[in-house]
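For reference, the chains in residue letters:
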Amino acid sequence: MGNEDNQTRADFFLYKLFAKHTSLVSSQSFHPRIPHPLSTTSRMHRVIFHVDMDAFFASVEQRDFPQYRGKPVIVGSAPDKRGVICAASYEARRFGIHSAMPSRTAGKLCPHGIFVRPRMEAYREESRAIMAIFEAYTPLIQQVSVDEAYLDLSSCVQKASGPDEALRSALPLARDIKERIQTERRLTASIGVGANKFLAKIGSDFQKPNGLTLIPESEKIMFLRPLSVRTIHGVGPVTAQQLEAAGLRTIGDIQNSKLPLETLVGSWAERLRQRAFGEDDRSLDLERERKSISAEHTFAVDTEERQVLRAALKEMSADIAQTLARNAAGALTVQVKVRYRDFSTVTRQVRVQDPVTAAAEIYRLSCHLLARDKLVSGALRLLGIGVSTLVEPWVAQMRLAFAGEKTEG
Amino acid sequence: MRFSVSKDILLSGLQTVQNVVSSRTTLPILANVRIQAEEGKLRFTTTDLDVGVTCITDAVVERHGGTTLPVKRLAGIIRELPQGEVHIEVDSKNIASLKCGQIFFKIHGLPADEFPPFPEFEDCKVFTLKQSEVKDALRKTSYAISTDETRYVLNGILFSFKDSRLTMVATDGRRLGLVDLEVEFPQSDETDVIVPTKCINELTRLTNDAGEMKMYISQNQVAFDVGTTRLVSKLVEGNYPNYRQVIPTEVRERVTLERELFLSAVHRVSLLSSEKSNSVKLVFTKNNLEIASNTPDVGEAKESIPVVYKGVDMTIAFNPEYLMAPLRALPNDEVYLDLIDEMSPGVVKIQSPFLYVIMPMRVS
């Protein structure tokens, strides 16, 4: 219905455009970022933990309902309803089920799966309890979502003689946190320990579930070498394709590459090179409540080519939908941001009645805004999408089941 | 240009056309009404480039010609004049001198040739409709039109001419109103068009309880002739969703309700439906319907009305506004509410070809 037509209109609008060559850079920007008085300085040895709960929503369900244990639990809309999956237990993941997948698809992949409706309040309550555990170790906590946080433990290990020793001396704290989560909350977490947020996140993801991975400073370059470029947060499918087309498949390839990365990924090249060498000087964002989520693409070459813009919008929509899902939130405001060749920047937004959660809906509304206000009036340097007015994704009012309606979360 | 016309006729002509003029116009001339004086007739025309209206009134025309004058201001002046003849003369600089007894106004206008041309309707499909039927159908459906600007195909009413019937449909994705009218037309004229909300509002104002009207449909425009007034509009581009697929084919329970009684009960109970959930529950038990609502920490409301109900006990929740809208629009003493279960759409029906599909609300 409206979906498709809007898309067609936006497509038509973008279709008139042409350009030679482009590449996309994606970067998710989170704000606001408030420096904390206790933030670590460069003189100290930094020790950052990334704590990631294992299949959080599904694990809470399995804990609270013993009959679900050892079974494929799928949290989200029922398989006969429109909507998406919020989380899947490890048993369900074996069937290829992952978050943000349409429930109908999940139903087909895993027909005997136990589909449960999310109990957001329970998860939020659980999240608060887990964050309270972290607070016993450090006041420097960046809660990324209900089930994920960065902890800065640098001040606990300053007697250490070198960066690796600082990291190793923090290991007992990581074990302690895992154990407390297990005994007090009867849930498991994976922790990554590194000298910055990037390494800590790579670490928590390295051995899941119930993992603990330390990436020493002296070994980080070797550690990263075999990993896919896609492991770098901010490298989405489009950027990854650009890199892979240039022969850069692994982080090691980027380390070795003499290619001018700028031509591939634009202004993001320097950060990409830093990440490839395990460097990241971002400080923790200590603001608790997420107020908005946004994503931006800076094009290596200014472009008004319809396909490139569509691809960028789709990728950003997917990123944002995923972040929304991780935060168990929906958005009532969707905004697009456009920067032209002369750096003039325009934003436009629309307010919707039902909270937006699905990537397709974010994409549809972004296209609507671009078309409504004829924003692609020339080559774009940057294109961005932001969502705000975050609320519970629950919509009580059911919608008529028109074919092609994809809006229900 | 020079003419004389009675105050009442002039005012009614201006009031017929002034509504489509938007208060914020991109082109100054769009705030004006074009006035054309011909033999014994005045033609008034306004447009916002999407919707346009033109109408004809009788007048004593002493000198032919045309001009455009700010319509809101002009109508405001005419409204304040005493009963009697109004004499208007417009000079070559488009300055209008208006006289009524001892009253004199001078109003600056803009040249008529700068006014956008009014669309022609040649080579189009023509349908003859009954004004009363169209007025009635608009009343029974238009409240369900979507106001969501991002779903612009729903920002209007579908006019579907098929099988000697005109089906008019409005939906906002949560409820859907539909009326069928019998209309004669050749099969080759079968067509589906979406008439935008603004045009629907004008059409509702223009139609009367008697007489015929004509509807003209071209590639991307529509026109309605009602008496001497013509309303034209762009059509909404795009395809209307397939409304047939959301109309339930199954009826498990049919409840007959006294419309006014039910309407006032829902209205009373809705006074305590919370802003957040904004729902009322219909609790069906043997031969009883209880309507209930509550707002945490504020209070609750309940009202029972006797009904003939022999089905399984059922509780279904609706947005009270969505439930009341058709009840307000229908003239019938009795309405039927067809239900399947608490998660399936309900349907409001009457004896004539009308239906209203309403999606329930989930109860958390």
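Above this text sits the structure in question.
Values in this document were obtained by computation on a predicted structure and should not be read as measured data. (Residues numbered from 1 in each chain as written. Chains lettered and ligands numbered in written order. Predicted model: local features only at pLDDT ≥ 70, side-chain atom pairs only at ≥ 80, totals over all residues. Heavy atoms only, no water.)

Asker: Explain the overall build of chain A residue by residue, including any values.
Answerer: Within chain A, the secondary structure is distributed over 15 helices and 13 strands. Every one of the 409 residues in chain A was classed for burial, and the buried ones make up 56%. Summing over all exposed atoms, chain A offers an accessible surface of approximately 17,600 Å²; the carbon and sulfur share of this is 52%. (Helix = DSSP H or I, 4+ residues; strand = E, 2+ residues; numbered from the N terminus. Buried < 20%, exposed > 50% of the residue type's maximum accessible area, 1.4 Å probe, protein only. Areas by Shrake-Rupley, 256 points an atom, 1.4 Å probe, with all protein chains shown as cover.)

Asker: Mind laying out the pattern of salt bridges, listing which residues take part and the relevant values?
Answerer: Counted under the stated rule, the structure contains 42 salt bridges over all chains. Among the salt bridges present, the one from Arg 63 of chain B reaches Glu 89 of chain B, with a minimum N-O distance of 3.5 Å. One end of the pair, Arg 63 of chain B, is in strand E5 (residues 60-63); the other, Glu 89 of chain B, is in strand E7 (residues 85-90), and 26 residues separate them in sequence. When the shortest N-O distance is used, the salt bridge between Arg 175 of chain B and Asp 172 of chain B registers 2.8 Å. In this structure, Arg 175 of chain B and Asp 172 of chain B share a single accessibility class: buried. Taken together, the shared-partner salt bridges connect Glu 61, Arg 63, Asp 64, Arg 119, Glu 126 and Arg 185 of chain A into one network. (Salt bridge = Lys/Arg side-chain N within 4 Å of Asp/Glu carboxyl O.)

Asker: With reference to specific residues and values, describe the sheet that holds strand E19 (residues 280-285) of chain B.
Answerer: All names here are of chain B. Strands sit in the order E21-E20-E19-E22 across an open sheet of four strands; the sheet is antiparallel. In this open sheet, the two edge strands, each paired with only one partner strand, are strand E21 (299-306) and strand E22 (314-318). Taken over all neighbouring pairs, the strand axes of this sheet differ in orientation by 20° on average, direction set aside. (Pairing = 2+ DSSP bridges. Axes fitted to C-alpha atoms, helices over the stretch in contact; angles between N-to-C directions.)

Asker: Tell me about the interface of chain B and chain A, residues and numbers included.
Answerer: Contacts between the two partners involve 28 residues from chain B and, on the opposite side, 28 residues from chain A. Area buried by chain B at its contact with chain A is led by Arg 151, Arg 174 and Arg 362 of chain B, which between them contribute 30% of it. Applying the counting rule to chain B against chain A returns three salt bridges. As a salt-bridge pair, Asp 354 of chain A and Arg 174 of chain B come within 3.0 Å of each other at their nearest N and O atoms. Applying the counting rule to chain B against chain A returns eleven residue pairs in polar contact (both at pLDDT 80 or more). When its residues are assigned to classes, the side of chain B that touches chain A shows 13 nonpolar, nine polar and six charged. (Contact = heavy atoms within 4.5 Å. Buried area = accessible area lost by both parts, 1.4 Å probe. Polar contact = N/O pair within 3.5 Å; in protein donor to acceptor, adjacent residues only side chain to side chain. Nonpolar A, V, L, I, M, F, W, Y, C, P; charged D, E, K, R; others polar.)

Asker: So, the sheet that holds strand E7 (residues 148-152) of chain A: which residues are in play, and what are the values?
Answerer: Residue and element names in this part refer to chain A. Reading across the sheet, the five strands line up as E6-E7-E2-E8-E9 and stay open at both edges, with mixed pairing between neighbours. Among the strands making up the open sheet, the edge pair consists of strand E6 (141-145) and strand E9 (212-214). When the angles between neighbouring strand axes are averaged without regard to direction, this sheet yields 15°. With six bridges connecting them, strand E2 (residues 48-53) and strand E8 (residues 189-194) associate as antiparallel partners. Across the sheet, the residue bridging to His 50 is Gly 192, located in E8. Sheet contacts for helix H7 (residues 171-185): E2, E7, E8 and E9; angle to E8, the most-contacted strand, approximately 165°.

Asker: Please set out the packing of helix H5 (residues 120-135) of chain A against H7 of chain A residue by residue, giving values where relevant.
Answerer: All names here are of chain A. Relative orientation of the contacting elements H5 and H7 amounts to 140°, with a least axis distance of 10 Å. The pairing of H5 with H7 is recorded here as oblique in orientation. Of the two possible hands of crossing, H5 and H7 adopt the one that is right-handed. Counting all contacts with H5, which are made through Glu 126, Ala 129, Ile 130, Ile 133 and Phe 134, the residues of H7 involved are Ile 177, Arg 180, Ile 181, Glu 184 and Arg 185. When its residues are assigned to classes, the contact of H5 with H7 shows six nonpolar, no polar and four charged. (Parallel < 35°, antiparallel > 145°, perpendicular 65-115°, else oblique. Left-handed = near helix turned anticlockwise from the far one by under 90°.)

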